[in-house]
Amino acid sequence: MRREQREKRERRELDAWRTGLVDTALAAVIGGAVLLAAFTASGPGPSTADVILITAGSLALAVHRRAPVMSLVFTAACMLGYVVHANPGTSAAFPVIAGVHVVTRAGHRAAAVGVSVVFLVGFFLASPSEDGIERTLLLHGWFVCAGVTGLIDKNWQAYLRQTEQRAAEAERTREEAALRRAGEERLRIARELHDSLTHSISIVKLQAGVAVHLARKRGEDVPEALLAIQEASGEAMRELRATLEVLRTDVVAPGSGLARLGELVERARTAGLAASVTVTGTERALPDDVDRAAYRIVQEALTNVARHAGRAKTSVRLAYAADHFSIHVEDEGSAVPGGPPPDPAPDPAPAPGTGLTGMRERVAALGGTLHAAPRPGGGFSVRAELPLGVR
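Residues numbered from 1 in each chain as written. Predicted model: local features only at pLDDT ≥ 70, side-chain atom pairs only at ≥ 80, totals over all residues. Heavy atoms only, no water.

Q: Just checking my understanding: could you explain the pairing of strand 2 (residues 314-320) for this structure?
A: Two faces make up the sheet, and in a regular strand the side chains alternate between them. Counting buried residues along strand 2, five of its seven residues qualify, which places the element largely inside the surrounding structure. As defined by bridge partners, strand 1 (residues 275-280) adjoins strand 2 across six bridges and the pair is classed as parallel. When the bridges of strand 2 are listed, Val-279 appears paired with Leu-318. Bridge count for strand 2 against strand 3 (residues 324-331) is seven bridges, and the pairing is antiparallel. Residue pairing across strands places Arg-317 opposite His-328, the latter belonging to strand 3. Connecting strand 2 to the antiparallel partner strand 3 that follows it, the hairpin turn spans three residues. (Buried < 20%, exposed > 50% of the residue type's maximum accessible area, 1.4 Å probe, protein only. Helix = DSSP H or I, 4+ residues; strand = E, 2+ residues; numbered from the N terminus. Pairing = 2+ DSSP bridges.)

Following this line, the structure appears as structure tokens:
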């Protein structure tokens, strides 16, 4: 956030510097034109005082964005002093005309009209002859044009700002509509999952619980598979409720990642899977999205081992590095995920099932890499590397 604010401030400062440079250049061009007209006119050239007045009055236009009225007043005073002292031609009014344009564009019409009237009266009184009347009327037309173009420019800038605001509002409205549709879709999915899965899983859990109760009541040993079904169905209900809560509120409950890895491995061992966990590197809190993705990858890998490799010995290795977190789940079975037990020479590139596809999507969303393939000596290996850099 601070970096973005600093970059915005630097961009504003750079834009202000560029704008000031352009304004100064334009003011210098106007002053140069007046000086050129003064030196090329017939008669004696301008004095040092005239040059100072022209230069000061023209360069004052460079600050018109910060103080438009004061800039115009100072420019008009300098140029009026030059007119009274040297009685030049109409070119002496160029800086004032430019100032009237920018002041009118800034919305100070009264100041523009007042300064224009004072300058025109002073210009006429400096040379109250028939030629002076003609030049004053000519300047009057130029001042009117400067005011009109200033108003047109002001209205055009207001139209552009209004158009940009409407475009931004339309974009914001589209984003809000998209978010609303996404929320409605999440609620629909939550309802469908609740109606289609919750009832079925509840029945499985209830029947497993009844079977365990009856077996214990008769004094019989409860089969481990039945206990595993009871525990797995209960865990499925808890995860389903958590998933539905995420869909309804878009908020992930804390403790939904690797903090539950011990429970996951213990359930796998209860189901008969010989699983071990090894952690290397300095353990630390992972970003929420990486934490959840890592847990789901291990969960899916252990599920595939239980489904396709039976009681195969399985190792789960987690490695913390400075810029990434890696997961390696490897079993010693000989089955291929997504299908029945393979022949002694399995296909080296089995077609991925839904579980492997989900793994790849999770890893790709985080900008990581995934390698899932049979081991040369039998079994299956899943390697995932998830970046930990600031995204």
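Q: How should the nonpolar core be read in this particular structure?
A: If you look at soluble globular proteins, the nonpolar side chains tend to sit buried side by side. Counting residues in hydrophobic clusters, the biggest one holds 36 residues, and the most contacted among them are Leu-258, Val-298, Leu-302, Phe-325, Ile-327, Val-382 and Leu-386. Among the elements of the structure, helix 8 (261-270), helix 9 (288-308), strand 2, strand 3, helix 10 (354-365), strand 4 (369-374) and strand 5 (380-387) are those that each provide at least two residues to this core. For this core, the element with the most residues is helix 9, which contributes nine residues. By size, the runner-up hydrophobic cluster in this structure holds 24 residues, among which are Val-34, Val-83, Phe-119 and Phe-123. (Core = buried A, V, L, I, M, F, W, Y, C linked by side-chain atoms within 4.5 Å.)

Q: Explanation requested: the packing of aromatic side chains in the structure shown.
A: Describing an aromatic ring pair means giving the distance of the ring centres and the angle of the ring planes. With the rule as written, the count across this model stands at five aromatic pairs. Centre to centre, the rings of Phe-94 and Trp-142 are 5.9 Å apart; their planes meet at 40°, and the pair counts as tilted. Of this pair, Phe-94 sits in helix 4 (residues 94-105) while Trp-142 sits in helix 6 (residues 130-217); the two residues are 48 residues apart in sequence, bridging distant segments of the chain. Owing to a relative accessible area of 31%, Trp-142 belongs among the partly exposed residues under this scheme. Ring centres of Phe-119 and Phe-143 lie 5.9 Å apart, and the angle between their planes is 45°; this geometry places the pair in the tilted category. Placement of Phe-119 in helix 5 (residues 109-126) and of Phe-143 in helix 6 is noted, with a sequence separation of 24 residues between them. Each member of the pair, Phe-119 together with Phe-143, is buried. Put simply, the rings of Phe-119, Phe-123 and Phe-143 pair up and form one aromatic cluster. (Phe/Tyr/Trp six-rings, centres within 6.5 Å; stacked < 30°, edge-to-face > 60°.)

Bear in mind that shape data such as this cannot, by itself, settle questions of function.
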